[in-house]
Amino acid sequence: MKNILNRLINHEMLSKEEAKNVLVNISNGSYNPSQIAAFLTVYMMRSISIDELAGFREALLELCVRVDLSAYNTIDLCGTGGDGKDTFNISTLASFVVAGAGIKVAKHGNYGVSSISGSSNVMEKLGVKFSNDNDFLEKCVDQAGICILHAPLFHPAMKNVGPIRKELGVRTFFNMLGPMINPSFPKNQLVGVYNLELARKYAYLYQNTDINFTILHSLDGYDEVSLTCPTKTITKNMEGVLKPEDFGVRQLLESEIEGGKTIEESAAMFIDIISGKGTEAQNNVVFANAAMAIATVNGSSPLESFQLAKESLFSGKALLALNKLQELSK
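A. Expanded view of the packing of helix 13 (residues 280-298) against helix 14 (residues 302-314). Look at helix 13 against helix 14: their axes get within 7 Å of each other, and the N-to-C directions meet at 120°. Classified by the angle their axes make, helix 13 and helix 14 are oblique. In this structure, helix 13 meets helix 14 at a crossing whose hand is right-handed. Contact residues: Asn283, Asn284, Phe287, Ala288, Ala290, Ala291, Ile294, Ala295 and Asn298 in helix 13; Pro302, Ser305, Phe306, Leu308, Ala309, Lys310, Leu313 and Phe314 in helix 14. For the contact of helix 13 with helix 14, the per-class residue count stands at 12 nonpolar, four polar and one charged.

So this is what it looks like as structure tokens:
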């Protein structure tokens, strides 16, 4: 590691193979916590190269506990986090709305590192069981339309990094990797990223896979459709910019989509929104993100997909998906 750190400090880039080897060694416990922290810190000071990102991703996917959901045409809705915006759990709520609309979801998530309440914090609070048992997860997808893939159970390589990330409490390159390492290898992905440079890198990497993807970045920094400004979108075939009016709604203020200050508050907000008691702003931002996932899978327009998302929530189908998941978790 000493040699690697010296090279990185001298602004050298790692090859894909070298990057992959470092992560394999981290997972083997070959480095001490100080070395790992130093390694993470380098990437807070400079951009990650495409080769480095590809090498890290490859290592984690090779080392992960795989889940076979290939019988289903699933989608994952996952943001990098780390945008520093502390919104409520938009992509997790959107995931249940998508499941309620009849599209199977394999939601990859984790505890919040740089945010108050990550996807896993809220799911745990609401009594959803975390498991890496294939039969259980398949039953969840089959009966609830959604399963929750709690990242630490599938990425043993992360156990040496988790405590360090928590102690650092800031965004690291593991935020960038989160959405790219879903252990069920879903056929479709809706990925939110916190800056345009990363959107480009993701697009480059995803172009070389057979994943049907949409990458999102709100131009004011959110890692999802925020409706507070236009959103950059990149798919396999096109790039574009979506405005709130493309969904038939008004532009929002940042204050309208803020999250809770504690995990308890976040969970209470989650239940209010999924039960149809959210504010118009909260509902619309969830519908917009769910719409992009629906459009990714079935090719409908953002406006049509928005209506399907709306129907899923207001008919109670999204809540039904959550209730079923809670029931299966008992």
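Now that the structure has been shown, we can carry on.
B. Representation of unusual backbone geometry in the model. At Phe185, a position not held by glycine, the phi torsion is positive, near 50°. Relative to the helices and strands, Phe185 is located in the loop between helix 10 (173-177) and strand 4 (188-192). Judged by its relative accessible area of 35%, Phe185 is partly exposed. Even without glycine at this site, Leu227 takes up a positive phi of about 65°. In this fold, Leu227 is placed in the loop between strand 5 (212-218) and strand 6 (231-235). For Leu227, a relative accessible area of 1% translates into the label buried.

C. Local environment of the nonpolar core. Within the largest apolar cluster, 64 residues are counted, with the highest numbers of intra-cluster contacts made by Phe88, Phe96, Val98, Met123, Phe247 and Phe270. It is helix 13 that contributes the most residues to this core, 10 residues altogether. Beyond its immediate sequence surroundings of up to four residues, Met123 is in contact with Thr92, Phe96, Val128, Phe130, Ile148 and Phe270. Met1, Ala59, Tyr202 and Tyr206 belong to the second largest nonpolar core, which has 46 residues in total.

D. Quick peek at the environment of Gly260. Structurally, Gly260 can be placed in the loop between strand 7 (239-242) and helix 12 (263-274). C-alpha of Gly260 to C-alpha of Ile294: the two residues are 34 residues apart in sequence and 27 Å apart in space. With residues up to four places along the chain from it excluded, the contact list for Gly260 reads Ile116, Glu265, Ser266 and Met269.

Calculation notes
- Residues numbered from 1 in each chain as written.
- Predicted model: local features only at pLDDT ≥ 70, side-chain atom pairs only at ≥ 80, totals over all residues.
- Heavy atoms only, no water.
- Axes fitted to C-alpha atoms, helices over the stretch in contact; angles between N-to-C directions.
- Helix = DSSP H or I, 4+ residues; strand = E, 2+ residues; numbered from the N terminus.
- Parallel < 35°, antiparallel > 145°, perpendicular 65-115°, else oblique.
- Left-handed = near helix turned anticlockwise from the far one by under 90°.
- Contact = heavy atoms within 4.5 Å.
- Nonpolar A, V, L, I, M, F, W, Y, C, P; charged D, E, K, R; others polar.
- Buried < 20%, exposed > 50% of the residue type's maximum accessible area, 1.4 Å probe, protein only.
- Core = buried A, V, L, I, M, F, W, Y, C linked by side-chain atoms within 4.5 Å.

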